[in-house]
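Secondary and tertiary structure notes
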Amino acid sequence: MGHLSTHVLDTTKGQPARNVRVTLYRTVADGARSVVKEAVTNANGRTDEALLSGDAFKPGTYELVFDVAQYFRENGTQTTEPPFFDFVPLRFTIVEPDGNYHVPLLISPWSYSTYRGS
């Protein structure tokens, strides 16, 4: 069985981003979405468990939304008000029913990047 995981790295500090709220949505053809899971990153910048695994892991289009504004505010990181980024949405498609999908987020107050890990 496949699984979906994530982690968040703060490139401003060069360390994992702790206490970032993450919401996983599943989307359907008309663009509507429903919440699948909510989590908060731990001291290693990861969620304590996979976001999808077992019977819940199904092909489809998903969106991870990271509350980066709250993270930067709570950590005293200098940003604008309102912040340049409030939420970072990452939309992706799972096609391999047994695949391992790892979707990390590298953040700063002014930029972000991501990629498909394994």
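Mapped onto the fold, His102 is located in strand β9 (residues 100-102). A polar contact of 2.6 Å, which involves the side chain of His102, links it to the side chain of His7. Residues in contact with His102, not counting those within four places in the same chain, are Ser5, Thr6, His7, Arg46, Tyr115, Arg116, Gly117 and Ser118.

Strand order in the open sheet formed by 3 strands is β6-β1-β9, with mixed pairing between adjacent strands. On the outer flanks of this sheet lie β6 (52-53) and β9, each paired with one strand and no other. Pairing analysis gives 3 bridges linking strand β1 (residues 3-5) to β9, with the strands arranged parallel. If you follow Leu4 over to β9, its bridge partner there is Tyr101.

Below, the discussion takes up the pairing of strand β5 (residues 33-40). Two strands pair when backbone bridges link them, and strand β4 (residues 21-27) and β5 are joined in this way by 7 bridges, in the antiparallel orientation. Across the sheet, Val22 pairs through a bridge with Ala39, a residue of β5. Remark: 5 residues form the turn of the hairpin made by β4 and β5, two consecutive strands paired antiparallel; Gly31 in that turn has positive phi of roughly 95°.

Bringing the packing of aromatic side chains into the picture now. A full pass over the atoms with the stated rule returns 6 aromatic pairs. Ring centres of Tyr62 and Phe92 lie 6.3 Å apart, and the angle between their planes is 25°; this geometry places the pair in the stacked category. Taken together, the residues Tyr62 in strand β7 (residues 60-67) and Phe92 in strand β8 (residues 87-94) connect sequence positions 30 residues apart. Accessibility assignment for this pair places Tyr62 and Phe92 in one class, buried. Summarising the aromatic geometry, the rings of Phe84 and Trp110 are spaced 6.2 Å apart at their centres and angled 45° between planes, so their arrangement reads as tilted. Separated by 26 residues along the polypeptide, Phe84 in the loop between α1 (68-74) and β8 and Trp110 in the loop between β10 (105-107) and β11 (112-114) bring together distant segments of the chain. Accessibility expressed as a relative area gives 46% for Trp110, which makes it partly exposed. Each residue in the set Phe84, Phe85, Trp110 and Tyr112 is aromatic and connected to the rest through ring pairs, giving one cluster.

Let's shift gears to the sheet that holds strand β2 (residues 8-10). The 4 strands are arranged β3-β2-β10-β11 in an open sheet whose pairing can be described as mixed. In the strand order of this sheet, the two ends are held by β3 (15-16) and β11, each with one partner. As judged from the 3 bridges shared by β10 and β11, these two strands associate in the antiparallel manner. Opposite Leu106, over in β11, you have Ser113 as the bridge partner.

Cut-off values and rules
Residues numbered from 1 in each chain as written. Predicted model: local features only at pLDDT ≥ 70, side-chain atom pairs only at ≥ 80, totals over all residues. Heavy atoms only, no water. Helix = DSSP H or I, 4+ residues; strand = E, 2+ residues; numbered from the N terminus. Polar contact = N/O pair within 3.5 Å; in protein donor to acceptor, adjacent residues only side chain to side chain. Contact = heavy atoms within 4.5 Å. Pairing = 2+ DSSP bridges. Phe/Tyr/Trp six-rings, centres within 6.5 Å; stacked < 30°, edge-to-face > 60°. Buried < 20%, exposed > 50% of the residue type's maximum accessible area, 1.4 Å probe, protein only.

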